[in-house]
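Chain by chain, the residues:
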Amino acid sequence: MAFVYNMESNRSKYQVRAAGSASPLPDYLAVLNPEQREAVLHTGKPLLILAGAGSGKTRVITTKIAWLIRERGMDPRSILAVTFTNKAAREMADRARLIDPRAGDAMLRTFHSFGAWFLRRNGSLAGLAPNFVIYDDDDTVSLLSTLMEDLSRAEVKLAAQYISRAKDYFLSPEDPELDRINYHREFRDLYARYEERLRQIGNVDFGDLIKKPVEILRTMPEVARRFRERFRVILVDEYQDSNVAQFALLKELSGPETYVCVVGDDDQSIYRFRGAEVRNILEFPDRFPGADIVRLERNYRSTSPILAVASSVVDYNRGRLGKTLRAERGGGKTPTLVFLPDQDAETDFCAALIEKSAGASGKGAYAGWAILYRTNAQSLGFETELLRRRIPYRVVGSLKFYEREEVKDALALLSFLVNPRDEVAFRRVVNKPARGVGAATVDRIVGFTSPDSGAGGDLAVTARRMLPDLPAKARAGLIAFLEAIGSGLAALVPEPVSDSPAGDLPGEELGDVPGGKGEPVLEQAGAGRKPRGKGDAPKVREELRAGEGLSVCVVRLVEDSGIAGYHLSHDEIAGNQRIANLQELANAASLYPATRAGLLDFLEHIELDRSIAEDAGDAEDTVTLITLHNTKGLEFRRVIMTGIEQGVFPRDDKKDDDLEEERRLFYVGATRAMDELYLCSCARRRIFGRTMAMEPSIFLREAGKSSLRIIGDVPYGFTRQDRHSGGSGKSGAGTADSRQRRRSSDGRWQTGDRLFHDDHGYGWVTEIQEGEEGPLVQVCFETGRELRFLSRHQSSRFMKVGDDV
DNA sequence: TAGTTTTAAGTTTTT
DNA sequence: CTTAAAACTA
């Protein structure tokens, strides 16, 4: 059987034959190195693949999928491969299909997308209707704020984070272990009430997409059995980023017969802050007894000087599985460390460097460059400078399309259409534009809508029933809203169509939705029938055009609800852009059928994949601006890491485990570079509009100055002190020293010192405590306020003044 | 209640 | 500095 395997020609040198083997290996296996091949051909026991950066991890997974189908006669549909990002899932599917087209039938999804798929089919076992909508973090906060009215938004956000973390750790409100997340009684109650409310509404949050499937699998052995029969092979990518709940899901899905293979790199674990549990990978051999480990330690991406710098930094971490990455590429340029006076000089340096190099090389040269930074906010300066020099660029990951107000409004309308129990969506749009339906009315409606009120929790039904009892103004407004919803509903083709563009496997015999999908969710009688054109739903010029499929529904909802008109009239300048965004949303919807199922599918895809389709993105010759986190899995010929200063990278509140995570982030960033690596560090930086003095990041010292070509004004003390001999894991010593120095040069604070603070005016020091984070200065201001400061953090905000002032 | 002004607060990272 | 939330006024 002939097949075509696309591969870069320079890899042909790996086309070897297996030693001692009489028959030649097929090409797609011959290109692998011995360790890679061992990983691909491994069977029978659980397998942990420790894959260093650039060691051909994706190739191994995709090849393994193809090999299982091709050589082991495995049904593609019995293979499940989970990743963490949609991009990774797509890439994996594409590459696996290149080796064998049948791989397209394997289930390749993100953890969350798999969870949603599972719940659509089996959620009813946990009391979840199949028409649930997925709440994002914003919606979660909105819902939570209705449960804790007297708290500020910031406090609600914090609570939402705790709940999200609790679910990451597979902790329910009644779990004793919940104390580890937050030991307050109130939190436990709040969490319980939130869960109850979510259940009544019939929606799920992100955490539920993992947690609920585990609960179902644990309590229903026959469901678990069915899934274990279905999926004989489970592959997990980026395993170091999995959390406790995801581990539990993996455990429940895998029986004694299941072949489990996880791939990861403990040095690239950078999502601890959102619940990733590095121990999942560290303890894999214990949790899956008899597991084999294959190490992929040959790096094909970076030249050895680059790898040396990256490894040197991450070597300072303790608690690693430990592996030695070897560069297969010899030679190469020494990475450059650039000391710059300030961030303007930094942007200028980067732009000039790229201009000089790429401008001269011509075609395709810009695409080789990437500028990396710690926080999204840092991208602004680079954008303006690149724009000024007419250097083409693209910013990865900062497209907040689905977070825009008008888009969220439209999505809320659509969500409500699908699930009229959705309180969050209802509150968001029922009085937008203002229709006289105030908070009092909304609270009344929501209050009357209990699950057993006969309306089944349906807010639209309750609202309609309450119409006669409402004041005229509110009544008229509510009618207008219900009409708009009815109008959107009328745009849907009534008969249930079960196909979806999402590529769900056809003929899914595994746990089909009970009762079918055609169940009416919203009564279509009354308001929706009313002919339009009464003037209460003004057409928004010809700005919005409905195309195919679901876009008809989107456009009609947006126009008839008055959302489009609201945004257009509200802000003349931004309005047109907002209409354009709504149009883009409608365009995206046009790919889906105008059915209830299509709408559900559309919403699910938006919730789970926020990245906007970058079809042409790969082909374009542009510089990439990207956060360090977002670079994982990517590679560039030339990489500039910027803002490598204490306080920025690492952030200065990081210590111990968090600091180690930052160090891994450095490792991830540096190992993206194939040919050239530049590290930038500024002496001054504007933070909150204030210019602050910065120190070089401790990571720069850890990189080893002898491994770097250093240019620019080297800060005092940088070259003098080299890294500690022996290279022990003692991190943070350098920071402590420098803090000490800076503090003493300012002069220590004493009780009675008078000072001036930019925001609070004059005051005097009343007390000094030695806090964990340095001296804690208590100040009494002339305004009467008493405040405490960490002198280390705030030193530039207040200054000592003499007695004469 | 809606829209405005004032104040404060915060800048990781994401499915 | 930018943005979001609280407070205020018409």
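Residues numbered from 1 in each chain as written. Chains lettered and ligands numbered in written order. Predicted model: local features only at pLDDT ≥ 70, side-chain atom pairs only at ≥ 80, totals over all residues. Heavy atoms only, no water.

**Q** For this particular structure, what's the right way to read the overall build of chain A?
**A** Scanning chain A from terminus to terminus reveals 29 helices and 24 strands. The buried share of chain A, taken over its 805 residues, is 52%. In chain A, the share of contacts with a sequence separation of at least 24, taken over all contacts with a separation of at least 6, comes to 75%. (Helix = DSSP H or I, 4+ residues; strand = E, 2+ residues; numbered from the N terminus. Buried < 20%, exposed > 50% of the residue type's maximum accessible area, 1.4 Å probe, protein only. Contact = heavy atoms within 4.5 Å.)

**Q** Is there a simple way to think about the confidence of the model for chain A in this case?
**A** Averaged over every residue, the pLDDT of chain A is 81; residues scoring 70 or more account for 79%. Here helix 28 (residues 733–746) stands out as the element of chain A with the lowest mean pLDDT, 30, in contrast to strand 6 (residues 233–236), whose mean of 97 is the highest. Long-range and interchain partners of residues 497–541, a stretch whose pLDDT sits below 50, account for 82 contacts in this model, where long-range means more than four residues apart. When the criterion is pLDDT under 50, residues 792–797 qualifies, and its contacts beyond four places in sequence or with other chains add up to 18 contacts. (pLDDT = per-residue confidence, 0-100.)

**Q** What exactly am I supposed to notice about the protein's contact with DNA strand B here?
**A** DNA strand B sits among 20 residues. The nearest are Arg-274, Arg-374, Asn-376, Lys-654 and Phe-688. By atom count, sugar and phosphate contribute 47% of the portion of DNA strand B lying within 4 Å of the protein. Note that a base oxygen of DNA strand B is positioned 3.1 Å from one of the side-chain N or O atoms of Asp-137. Split into classes, the residues belonging to the surface near DNA strand B amount to 7 nonpolar, 8 polar and 5 charged. (Near = heavy atom within 4 Å. Polar contact = N/O pair within 3.5 Å; in protein donor to acceptor, adjacent residues only side chain to side chain. Nonpolar A, V, L, I, M, F, W, Y, C, P; charged D, E, K, R; others polar.)

**Q** Got a minute to help me understand the protein's contact with DNA strand C in this structure?
**A** Surveying the vicinity of DNA strand C reveals the residues Ser-152, Arg-153, Phe-688 and Gly-689. Within the side chain of Arg-153, an N or O atom sits 3.1 Å from a phosphate oxygen of DNA strand C. Partitioning the surface near DNA strand C into residue classes produces 1 nonpolar, 2 polar and 1 charged.

**Q** What is the right way to read the environment of Leu-708 from this model?
**A** Structurally, Leu-708 can be placed in the loop between helix 27 (698–703) and strand 19 (709–712). Once the C-alpha coordinates of Leu-708 and Leu-337 are considered, the two residues, 371 residues apart in sequence, prove to be 6.2 Å apart. Beyond its immediate stretch of four places on either side in the chain, Leu-708 contacts Val-309, Thr-334, Pro-335, Leu-337, Leu-679, Leu-700 and Ala-703.

**Q** Help me understand the side chain of Lys-57 in this model?
**A** Inspection of the secondary structure puts Lys-57 in helix 3 (residues 57–70). For Lys-57, a relative accessible area of 17% gives the class buried. In this structure, Lys-57 is in contact with Ala-51, Asp-237, Glu-238 and Val-263, ignoring residues within four places of it in sequence.

**Q** What's the story with the environment of Pro-76 in this structure? I'm lost.
**A** With respect to the element layout, Pro-76 can be found in the loop between helix 3 and strand 2 (79–83). For Pro-76, a relative accessible area of 10% puts it in the buried group. Linking Pro-76 and Leu-634, residues 558 residues apart in sequence, is a C-alpha distance of 27 Å. Discounting residues that sit within four places of it in the chain, Pro-76 has contacts with Ile-69, Arg-102, Asp-105, Ala-106 and Met-107.

**Q** Got a minute to help me understand the pattern of salt bridges in this structure?
**A** A side chain with one charge can pair with a side chain of the opposite charge if their charged atoms come near. Applying the stated rule across the entire model yields 55 salt bridges. Across the pair Glu-604 and Arg-120 runs a salt bridge, and its minimum N-O distance is 2.8 Å. Placement of Glu-604 in helix 25 (residues 596–608) and of Arg-120 in helix 5 (residues 111–122) is noted, with a sequence separation of 484 residues between them. Exposure class is identical for Glu-604 and Arg-120. Each is buried. Linking Glu-702 and Arg-663 is a salt bridge whose minimum nitrogen-to-oxygen distance equals 2.8 Å. With Glu-702 in helix 27 and Arg-663 in helix 26 (residues 657–670), the pair connects residues that are 39 residues apart, well separated along the chain. Among the charged side chains, a network of salt bridges with common partners joins Glu-405, Glu-406, Asp-409, Arg-428, Lys-432 and Arg-578. (Salt bridge = Lys/Arg side-chain N within 4 Å of Asp/Glu carboxyl O.)

**Q** Looking at this model, I keep getting lost on the sheet that holds strand 12 (residues 369–373). Mind explaining?
**A** In any sheet, the strands associate via hydrogen bonds between backbone groups, in a parallel or an antiparallel arrangement. Read across the sheet, 7 strands follow the order 13-14-12-15-16-11-19 without closing on themselves; strand pairing throughout is parallel. The open sheet is flanked by strand 13 (393–395) and strand 19, the only strands paired with a single partner. For this sheet, the mean angle separating the axes of adjacent strands, direction not counted, is 20 degrees. (Pairing = 2+ DSSP bridges. Axes fitted to C-alpha atoms, helices over the stretch in contact; angles between N-to-C directions.)

**Q** Could you clarify how one ought to interpret the sheet that holds strand 1 (residues 47–51) in this entry?
**A** Pairing within the open sheet is parallel, and its 6 strands lie in the order 3-2-6-7-1-8. A strand with exactly one partner marks an edge of an open sheet, and here the two such strands are strand 3 (107–110) and strand 8 (292–296). Recorded for the sheet is a direction-independent mean angle of 15 degrees between the axes of neighbouring strands. Across 4 bridges, the pairing between strand 1 and strand 7 (residues 259–264) is parallel. Bridge assignment links Leu-47 to a residue of strand 7, and that residue is Cys-261. Sitting on the sheet, helix 11 (residues 244–253) is in contact with strand 2, strand 6 and strand 7, with an inclination near 165 degrees to strand 6.

**Q** Which parts of the structure should I look at to understand helix 20 (residues 459–466)?
**A** Side chains of residues three or four places apart in an α-helix project in the same direction, reflecting 3.6 residues per turn. Where burial is concerned, most of helix 20 is hidden: 6 out of the 8 residues are buried. Within helix 20 the residues assigned to the buried category are Leu-459, Ala-460, Val-461, Thr-462, Ala-463 and Met-466. In this fold, the buried residues of helix 20 make contact with helix 17 (405–418), helix 18 (423–429), helix 19 (439–448) and helix 21 (472–490). Where helix 20 begins, the side chain of Asp-458 points an oxygen toward the backbone nitrogen of Ala-460, at a separation of 2.8 Å.

**Q** What's the story with the packing of aromatic side chains in this structure? I'm lost.
**A** Each aromatic ring pair is specified by the distance between its two centres and by the angle formed by the two planes. Per the stated rule, a full pass over the model turns up 24 aromatic pairs. Each ring, one from Phe-114 and one from Phe-231, has its centre 6.1 Å from the other, and the planes form 70 degrees; the classification is edge-to-face. Residue Phe-114 is located in helix 5, and its partner Phe-231 is located in the loop between helix 10 (221–230) and strand 6; the two are separated by 117 residues in the primary sequence. The exposure class assigned to Phe-114 is buried, which follows from its relative accessible area of 1%. Using a relative accessible area of 0% as the deciding quantity, one classes Phe-231 as buried. (Phe/Tyr/Trp six-rings, centres within 6.5 Å; stacked < 30°, edge-to-face > 60°.)

**Q** Can you help me understand the packing of helix 5 against helix 9 (residues 208–219) in this one?
**A** Each pair of packed helices can be described by the angle between their axes along with the distance between the axes. The geometry of helix 5 relative to helix 9 is characterised by a closest axis approach of 8 Å and an angle of 50 degrees between their N-to-C directions. If you check the angle between helix 5 and helix 9, you find them oblique. The crossing of helix 5 and helix 9 is left-handed. Of the residues in helix 9, those in contact with Phe-111, His-112, Gly-115, Ala-116, Phe-118, Leu-119 and Asn-122 of helix 5 are Asp-208, Leu-209, Ile-210, Lys-212, Pro-213, Ile-216 and Leu-217. Here the contact of helix 5 with helix 9 is composed, by residue class, of 9 nonpolar, 3 polar and 2 charged. (Parallel < 35°, antiparallel > 145°, perpendicular 65-115°, else oblique. Left-handed = near helix turned anticlockwise from the far one by under 90°.)

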